[in-house]
Amino acid sequence: MSVIWTGMVVLSVFYGLLTGSGPAVAAAAVEGAAAAVELCLTMAGIMCLWMGVMEIMKRSGLSAALSRLLRPILCRLYPDFKRDKQTMDAVSANVSANLLGLGNAATPLGIQAARRMAQKTPGVASDSLCMLVVCNTASIQLIPTTVASLRLAAGSAAPFDILPAVWLASAVSVAVGVLAAKLMGRIWRLKK
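Residues numbered from 1 in each chain as written. Predicted model: local features only at pLDDT ≥ 70, side-chain atom pairs only at ≥ 80, totals over all residues. Heavy atoms only, no water.

Engineer: Tell me what's going on with the packing of helix α4 (residues 85-99) against helix α5 (residues 103-120), and back it up with residues and numbers.
Structural biologist: Put simply, α4 and α5 touch, their axes get as near as 8 Å, and they point 160 degrees apart. Our classification of the angle between α4 and α5 gives roughly antiparallel. Of the two possible hands of crossing, α4 and α5 adopt the one that is left-handed. For the pair α4 and α5, contact is made by Gln86, Thr87, Ala90, Val91, Ala93, Asn94, Ala97 and Asn98 and by Gly103, Ala105, Ala106, Leu109, Gly110, Gln112, Ala113, Arg116 and Met117, respectively. For the contact of α4 with α5, the per-class residue count stands at nine nonpolar, seven polar and one charged. (Axes fitted to C-alpha atoms, helices over the stretch in contact; angles between N-to-C directions. Helix = DSSP H or I, 4+ residues; strand = E, 2+ residues; numbered from the N terminus. Parallel < 35°, antiparallel > 145°, perpendicular 65-115°, else oblique. Left-handed = near helix turned anticlockwise from the far one by under 90°. Contact = heavy atoms within 4.5 Å. Nonpolar A, V, L, I, M, F, W, Y, C, P; charged D, E, K, R; others polar.)

Engineer: Please provide a residue-by-residue account of the packing of helix α6 (residues 127-138) against helix α8 (residues 163-191), values included.
Structural biologist: Two elements in contact, α6 and α8, have axes whose closest approach is 9 Å; the angle formed by their N-to-C orientations is 160 degrees. When the axis of α6 is compared with that of α8, the two are roughly antiparallel. The way α6 lies across α8 gives a crossing that is right-handed. Contacts between α6 and α8 pair Asp127, Met131, Val134, Cys135 and Ala138 from the former with Ser173, Val174, Gly177, Val178, Ala181, Lys182, Gly185 and Arg189 from the latter. Class assignment for the residues of the contact of α6 with α8 results in seven nonpolar, three polar and three charged.

Everything listed is a geometric property; what it means functionally is a separate question.
Written as structure tokens, this is what we have:
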């Protein structure tokens, strides 16, 4: 990927020099770099806020309550691990982070859950592990904080006005993903 990006930059600079618009290319590069730094700082602030919210949820017991609330659904999705409290807690924390739209926070939690699941069937992706990947990738988001912070940084007056569309799209994507994972799991077992 770095080769592609480097190639694009080199071609852009070369083309700018050939067409005599070198100063415009240089100005665009400086402007783009400044915009990238500003966006990173905005995103870092929003991520710090929501990571703090996640930590408060954990310390106040709200995360554990949410875990208990999600447990019946998660036990149906991951029946092989319904008695493994640590794995289910990691999956629950992953789902909680995804519900808040914190993909960056959800990823390490998902990796932790995936590692625990992989210990049961080393070298083979179990149905539960595949389901985890599908649910983590599709993820239902109640509060799309990352997208809202990007919209805010871009100057949106109402960054959360996309909520109904996000809710519908994420619910449909998770439903289709779960159905596809269940169907593919059954087909795979029949082929054996």
